[in-house]
Amino acid sequence: MTTTATPLTDTRSAEAIRAQKAAERAEGWRRRAPLLPALIFVIVCTQIPFLLTIWYSLRSRNLLRPEGEQFVGLGNFADIFLDSTFRAAALNSVIITLGCVVVALLLGLGLALLLDRPFAGRGVVRTLLITPFLIMPVAGAMLWSISMFNPSYGLVNWLIGLVGISPVDWTSQYPVFSIVVALVWQWTPFMMLLLLAGLQSQQHDVLEAAAMDGASKWETFRYITLPHLRFYIELAVLLGVIYVVNTFDHIYLMTAGGPGTASANLPFYIYQRAFLGFDIGQSAAMGVVTVLATIIISLLALRLIFRSLNAKEQS
Amino acid sequence: MNVAAPPQTPSTDQGAPGVTPGIRGNGSAPKSRSSGGLLTAFTWVVALIFFAPVVWMVLTSFKQESAAASSPPSFFFEPTLDQYRNIFTSDAAPYFLNSVIATGASTVLVLILAVPAAYALSIRPVKRTQDALFFFISTKMLPIVAVIMPIYVIAGQIRMLDNIVTLIILYTAMNLPIAIWMMRSFFLEVPGEVLEAASIDGASLIMTMRRVLIPMVAPGIAATALICVIFAWNEFFFALNLTAANAATAPIYLMSTMTSEGLFLAQLSAASVLASLPVVLAGWIAQKQLVRGLSMGAVK
């Protein structure tokens, strides 16, 4: 009796385990099913082109030259690092991105502090201030390059003319500066919105206690508000960098990378090599390098976003 | 000790855009009223300076071309609607129509894909939720310029260049990660009891979605749609490289006013005003949602 009973329970439990596993698997797929369409869509649209970019970057291919394509290994990468224009474009990317993000952050912080108090028309002022961010970037870029910076009828030259400064051909003489000004104008509202959200999430009783204890406004700002804002400042900087490093519209429309290639950043230079020079191999190699550089920044950004996410979910 | 963790206090004016908490600044005793007045005046001046280029764009759009490009700038002029009339009688309509189609269709597609995906990453989470979230957001950090060439080649091979469907697909892929993150942050706010009650009632998944979840996160869906609309409407790089005569969108029209037969500044300004108006209005109305969307749900 016992001899037959044991295998019987064994098979029964094995069946039970199998059934349980099947059920788990079914549950797993039930949970996964709503996610899959989006996941597959994003993989197809982003990962496949990127793999192709890596493939292109290892091959020599120029649509203008008929000799066809061939495998050149890392040759394209060697070429682009020897290309002084590429290095200049990389430097411009850094200058434009950092210049824009730092200045926009400081202006945004100032504006957020100004708005973080009740006053007549606060809602209207906030609305006015966020508008530059909502203007179509193409319209914003042309507004600055023509209406503002035009050497003969631009508003900026008229303004500096009032104090006796002779007219300046902004986009030719100071192309990078002109681009940064237009970008700062567009991105300051973004910084302001994030920092204002940070200021308004401060606990009022802490600020009141500080005031009660005789802390000056500056001390309260320095030792309570600023540490509290740290998360928001980091988030604003990293998101700002991710968006601004990809700037293309302003450069294309304001200076076309010029004069010469003086104001080309990486996205613009890659575009030029691909769509005007038809050098697919090298433009792909530059794309790969840009992605590698962006990944480093992105990892920092992701860590931060996940930190906030986890902190929230624990609460 | 997570020093930089965001504060847990719920935002005071959440869900009620435009309603501001009037608490700040009353704590510190009777501050002199004049310094507050000065600060207010200063704030207004700064805001107006910042807003001035927008005003100038709108003013220019009501000028004749001669007045638009005058030196010194003309502040007093006889306003005219000629520029707007020109745009409405010119070939601008197809561009704007393309923008509406690309923006509308991609936003709808994004929502159809993002709402279930966000559900699977929040309410009934899949096993590797964090990995999936990480993957989605990492695609957002891929520089578009790094993938434009393969996209151009593939689109050319399958005869999809200058086709509005291509833009719709790419705008969907561009906005999907943000939408999933945003929708997830809204789903996470749905109280667990509500879902339990629904599952005890024996409601099916689809029923729970339709009857309970979707109505509860409707404001979130609206906010997500707003962000998608903004990014799709303003997109320029794909439109520039992948479209020509048939599928070109409003940003391309703006550019063409500058390059075709010389420069028509007043008309460009009018076109800029028209092209910016939908997003500006939407952003004005939904200021609070803007913050949440731009930070991908990290800041409420």
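Residues numbered from 1 in each chain as written. Chains lettered and ligands numbered in written order. Predicted model: local features only at pLDDT ≥ 70, side-chain atom pairs only at ≥ 80, totals over all residues.

Draft legend 1. Just the overall build of chain A, in detail. Helix and strand content of chain A: 14 helices and two strands. The C-alpha atoms of chain A give a radius of gyration of 28 Å, which is well past the 20 Å a tight globule of 315 residues would have. Dimensions of chain A, computed from the C-alpha atoms along their principal axes, are close to 110 × 80 × 30 Å. Each of the 315 residues in chain A was classed as buried or not, and the buried ones make up 43%. Considering only intrachain contacts with a sequence separation of at least 6, the fraction spanning at least 24 residues in chain A is 70%. (Helix = DSSP H or I, 4+ residues; strand = E, 2+ residues; numbered from the N terminus. Rg over C-alpha atoms; globule rule 2.2 N^0.38 Å. Buried ≥ 20, exposed ≤ 12 C-beta atoms within 10 Å, placed from the backbone. Contact = placed C-beta atoms within 7 Å.)

Draft legend 2. Here's a closer look at the overall build of chain B. When helices and strands are counted, chain B shows 14 helices and zero strands. Along chain B, helices and strands appear, N-terminal first, in the series α-α-α-α-α-α-α-α-α-α-α-α-α-α. The contacts in chain B between residues at least 6 apart in sequence include a share of 79% that link residues at least 24 apart.

Draft legend 3. Geometry of unusual backbone geometry. Residue and element names in this part refer to chain A. A positive phi angle is found at Ala256, which is not glycine, with a value near 55 degrees. Looking at the secondary structure, you find Ala256 in the loop between α12 (249-254) and α13 (266-276). A residue is classified by how many C-beta atoms lie within 10 Å of it, and Ala256, with 15 of them, is partly exposed. The residue Phe278 is not glycine, and still its phi comes out positive at about 55 degrees. With respect to the helices, strands and loops of the structure, Phe278 is situated in the loop between α13 and α14 (280-314). In this structure Phe278 comes out as partly exposed when scored by C-beta crowding, with 14 C-beta atoms within 10 Å.

Draft legend 4. Fine view of the packing of helix α4 (residues 84-115) of chain A against helix α11 (residues 217-244) of chain A. Residues and elements named next belong to chain A. Orientation of α4 relative to α11, taken along the N-to-C sense of each, is 145 degrees, at an axis distance of 10 Å. Handedness of the α4/α11 crossing: right-handed. Where α4 abuts α11, its residues Thr97, Cys100, Val101, Ala104 and Leu105 lie against Ile233, Ala236, Val237, Gly240, Val241 and Val244. Here the contact of α4 with α11 is composed, by residue class, of nine nonpolar, two polar and no charged. (Axes fitted to C-alpha atoms, helices over the stretch in contact; angles between N-to-C directions. Left-handed = near helix turned anticlockwise from the far one by under 90°. Nonpolar A, V, L, I, M, F, W, Y, C, P; charged D, E, K, R; others polar.)

Draft legend 5. Spotlight on the packing of helix α6 (residues 137-148) of chain A against helix α13 (residues 265-285) of chain B. It is the contact of α6(A) with α13(B), at a shortest axis distance of 10 Å, that shows an interaxial angle of 155 degrees. Of the possible angle classes, the one that applies to α6(A) and α13(B) is roughly antiparallel. Crossing handedness for the pair α6(A) and α13(B): left-handed. Contacts from Ala139(A), Met142(A), Leu143(A), Ile146(A) and Ser147(A) of α6(A) reach α13(B) at Leu265(B), Leu268(B), Ser272(B), Ala275(B) and Ser276(B). Of the residues assigned to the contact of α6(A) with α13(B), the class counts are seven nonpolar, three polar and no charged. (Parallel < 35°, antiparallel > 145°, perpendicular 65-115°, else oblique.)

Draft legend 6. Representation of the interface of chain A and chain B. Listed as interface residues are 96 residues of chain A and, on the opposing side, 92 residues of chain B. Looking at the side of chain A that touches chain B, its residues break down into 61 nonpolar, 23 polar and 12 charged.

Draft legend 7. Summary view of the domain arrangement of chain A. All names here are of chain A. Entries for chain A in the domain assignment read domain 1 (2-60) and domain 2 (82-314). Between domain 1 and domain 2, the C-alpha centre-to-centre distance is 43 Å. With four residues, helix α2 (residues 36-57) is the largest single contributor of residues to the side of domain 1 that touches domain 2. (Domains from an automatic or database assignment.)

Draft legend 8. Focus on the nonpolar core. Core analysis: the biggest nonpolar cluster contains 167 residues, and Leu193(A), Leu194(A), Leu195(A), Ala114(B), Ile180(B) and Leu254(B) have the highest contact counts within it. Here this core spans two domains, since at least three of its residues come from each of domain 1 (2-60) and domain 2 (82-314) of chain A. (Core = buried A, V, L, I, M, F, W, Y, C linked by C-beta atoms within 7 Å.)

Draft legend 9. Geometry of the confidence of the model for chain B. Residue and element names in this part refer to chain B. For chain B, the average pLDDT comes to 82, and 86% of its residues sit at 70 or higher. Mean pLDDT values over the elements of chain B span from 74, in helix α8 (residues 192-200), up to 94, in helix α4 (residues 92-119). Note on the complex model: pTM 0.85, ipTM 0.85. (pLDDT = per-residue confidence, 0-100.)

Draft legend 10. Region of interest: α13(A). Residues and elements named next belong to chain A. Most of α13 is tucked away: eight of the 11 residues are buried. Regarding α13, the residues found buried are Leu266, Pro267, Phe268, Tyr269, Ile270, Tyr271, Arg273 and Ala274. Positive backbone phi, approximately 55 degrees, marks Phe278, located one or two places after α13.

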